[in-house]
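In case you want the letters, here they are:
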Amino acid sequence: QVQLVESGGGSVQPGGSLRLSCAASGSIISINVMGWYRQAPGKQRELVAHITSGGNTNVVDSVLGRFTISRDNAKNTVYLQMNSLKPEDTAVYYCKADGLFENAGRRRFEVWGQGTLVTVSS
């Protein structure tokens, strides 16, 4: 029943901006950490940023100063504001939620979204 749905991806020129959103819905018992990961072609999935329910954030060095993560606990939604985008930011971006969920009567401790594509090119 629980799911994460990402939105906001698209194609932009270098230096442009995008805002990604990820909304959790369904059988949510509690959500602790929410985060964004990305996977470029031929590469492993990597952490981009994460945020706790209390608002504490962590952003990887490669996007530090350009990306900002935030969340709205009341809406079970996490955002990723991406500025000064570079071609190397091109990837499928995935949302992840850590907490306690229920799916088909079984407890789950993490849920992944299906991803949204971000393409940065001239």
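Residues numbered from 1 in each chain as written. Predicted model: local features only at pLDDT ≥ 70, side-chain atom pairs only at ≥ 80, totals over all residues. Heavy atoms only, no water.

Novice: Help me understand the packing of aromatic side chains in this model?
Specialist: Given two aromatic rings, their pairing is described by the distance between the two centres and the angle made by the two planes. Within the structure shown, the criterion is met by one aromatic pair. Above the ring of Y79, the side-chain terminus of R19 is found at 4.2 Å from the ring centroid. Taking NZ or CZ as reference, R45 lies 3.7 Å from the ring centre of Y94, over its face. (Phe/Tyr/Trp six-rings, centres within 6.5 Å; stacked < 30°, edge-to-face > 60°. Lys NZ or Arg CZ within 6 Å of the ring centre and 35° of its normal.)

Novice: Could you clarify how one ought to interpret the environment of G35 in this entry?
Specialist: Along the chain, G35 falls in strand 4 (residues 28-39). The class for G35 is buried, based on a relative accessible area of 3%. Sequence-wise, G35 and L47 are 12 residues apart; in three dimensions their C-alpha atoms are separated by 7.8 Å. Leave out the neighbours within four places in its chain, and G35 touches A49, H50, I69, Y94, C95 and K96. (Helix = DSSP H or I, 4+ residues; strand = E, 2+ residues; numbered from the N terminus. Buried < 20%, exposed > 50% of the residue type's maximum accessible area, 1.4 Å probe, protein only. Contact = heavy atoms within 4.5 Å.)

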